[in-house]
Amino acid sequence: MTEKKAAKPSGLHEFFRKRLVGLKRKPHMIGLAALAIAFLYYSFNLTVISNTTARIQAPGMGLAGFATMLFSLLGMVSYMNAFPHRKKVNVPMLVLMFLMVGLVIFCDIYYGGRITNAITRETNRIDPTGSNAFIMTAKNVLNVHIIILCVAAVLTALLPVYSKLLRKINTSVNIEENKGMTSIDISGEDA
């Protein structure tokens, strides 16, 4: 019978193993990634938001859009400062991050309310079809943005739970050649 030697993992398997090791060391990066996805999603759809603001021109819409961008960036900075390298969690920064996420959600809800008022009011109603179809796209963007932010907040709140689960995953590499080794003498005496 021939024994199979365990080969070093290579390729795609090794890539994912290294990423998992990185997540085990810094599990808070999952929440930061969710915040970054929310920011990028809103940023990539900013043209639709700006066109909606220009078309409806309701009070506070421009300010709500600006506040969303500002507090999204500041929320990510607060998140990064809440988890310093090899130190305990900076609780005031974490609270500040949750406060900023709450403000961004409030701004999105306020902006969405202005859109709803503009398309349902009795006088000068704006028709969100045809050349104004971007208005409903903006409303959908806001709803998806709120969902992504809520997911990021939940991921941050559940960090202690899933960081313990991540630590239980075995990411060690078994190398067949090292199993037969005896203890190494490091006493410094010549044999």
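See the structure shown above.
Everything in this summary refers to the structure shown in the same document.

Analysis parameters
- Residues numbered from 1 in each chain as written.
- Predicted model: local features only at pLDDT ≥ 70, side-chain atom pairs only at ≥ 80, totals over all residues.
- Heavy atoms only, no water.
- Helix = DSSP H or I, 4+ residues; strand = E, 2+ residues; numbered from the N terminus.
- Contact = heavy atoms within 4.5 Å.
- Phe/Tyr/Trp six-rings, centres within 6.5 Å; stacked < 30°, edge-to-face > 60°.
- Lys NZ or Arg CZ within 6 Å of the ring centre and 35° of its normal.
- Expected span 1.5 Å × (residues − 1).
- Buried < 20%, exposed > 50% of the residue type's maximum accessible area, 1.4 Å probe, protein only.
- 1 Å grid on protein atoms, 1.4 Å probe; cavity = no way out; pocket = protein on both sides within 12 Å on 5 of 7 lines; lining within 4 Å.
- Points joined across faces, edges and corners; volume = space filled by probe spheres on them.
- Nonpolar A, V, L, I, M, F, W, Y, C, P; charged D, E, K, R; others polar.
- Core = buried A, V, L, I, M, F, W, Y, C linked by side-chain atoms within 4.5 Å.
- Axes fitted to C-alpha atoms, helices over the stretch in contact; angles between N-to-C directions.
- Parallel < 35°, antiparallel > 145°, perpendicular 65-115°, else oblique.
- Left-handed = near helix turned anticlockwise from the far one by under 90°.

1. Quick look at the environment of Met69
With respect to the helices and strands, Met69 occurs in helix α4 (residues 61-82). Residues Met69 and Tyr42 lie 27 residues apart in sequence; the distance between their C-alpha atoms is 8.1 Å. Not counting the four nearest positions on each side in its chain, Met69 is found in contact with Phe39, Tyr42, Ser43 and Leu46.

2. A look at the packing of aromatic side chains
Applying the stated criterion to the full structure yields 1 aromatic pair. With a centroid separation of 5.0 Å and an interplanar angle of 50 degrees, the aromatic rings of Tyr79 and Phe83 are classed as tilted. One Lys or Arg, Arg114, reaches over the ring of Tyr110 and ends 4.7 Å from the middle of that ring.

3. Thoughts on helix α6 (residues 134-157)
Under the 1.5 Å per step criterion, the end-to-end length of α6 is 34 Å for 24 residues, consistent within 8% with the ideal 34 Å. Where α6 is concerned, the buried positions are Ile135, Ala138, Lys139, Val141, Leu142, His145, Ile146, Ile148, Leu149, Ala152, Ala153 and Thr156. Considering only its buried residues, α6 is in contact with α2 (29-44), α3 (46-56), α4, α5 (91-120) and α7 (159-167).

4. Looking at empty space enclosed by the protein
In this approach a probe as big as a water molecule rolls over the atoms, and the regions it shows empty are the leftover space. On inspection of all chains with the given rule, the structure shows 1 cavity of 30 Å³ or more. By volume, the largest cavity is sized at about 50 Å³. As for the largest cavity, its lining consists of Leu35, Ala38, Phe39, Phe71, Ser72, Gly75, Met76, Met100, Val101, Val104 and Leu149. Elements with a contribution of two residues or more to the lining of the largest cavity: α2, α4 and α5. Looking at the lining of the largest cavity element by element, the count peaks at 4 residues for α4. Residues that form the lining of the largest cavity fall into these classes: 9 nonpolar, 2 polar and no charged.

5. Side note on the nonpolar core
Core analysis: the biggest nonpolar cluster contains 21 residues, and Leu35, Tyr79, Phe83, Met97, Val101 and Leu149 have the highest contact counts within it. Those elements that place two or more of their residues in this core are α2, α4, α5, α6 and α7. Excluding residues within four positions of it along the chain, Leu35 makes contact with Gly75, Met76, Tyr79, Met97, Val101, Leu149 and Ala152. Listed in part, the 18 residues of the second largest apolar core include Ala64, Tyr111, Ile126 and Ile135.

6. A closer look at the side chain of Ser78
Within the secondary structure, Ser78 is located in helix α4. Under the relative-accessibility criterion, Ser78 is labelled buried at 4%. If we ignore the near neighbours within four places in the chain, the residues touching Ser78 are Met93, Leu96, Met97 and Met100.

7. Description of the layout of surface pockets
A volume near 480 Å³ is recorded for the largest pocket. What lines the largest pocket is a set of 18 residues, and nearest its centre among them are Arg25, Lys26, Pro27, His28 and Lys87. When residues of the lining of the largest pocket are assigned to their parent elements, the largest contribution, 5 residues, is made by α7.

8. Structural notes on the packing of α3 against α6
Packing of α3 against α6 leaves a shortest axis separation of 9 Å and a crossing angle of 125 degrees. Accordingly, the angle class assigned to the pair α3 and α6 is oblique. Along this stretch, α3 crosses α6, giving a crossing that reads as left-handed. The segment α3 lies against α6, with Val48, Ile49, Asn51, Thr52, Arg55 and Ile56 engaging Phe134, Ile135, Thr137, Ala138, Val141 and Leu142. Here the residues of the contact of α3 with α6 are counted per class, giving 8 nonpolar, 3 polar and 1 charged.

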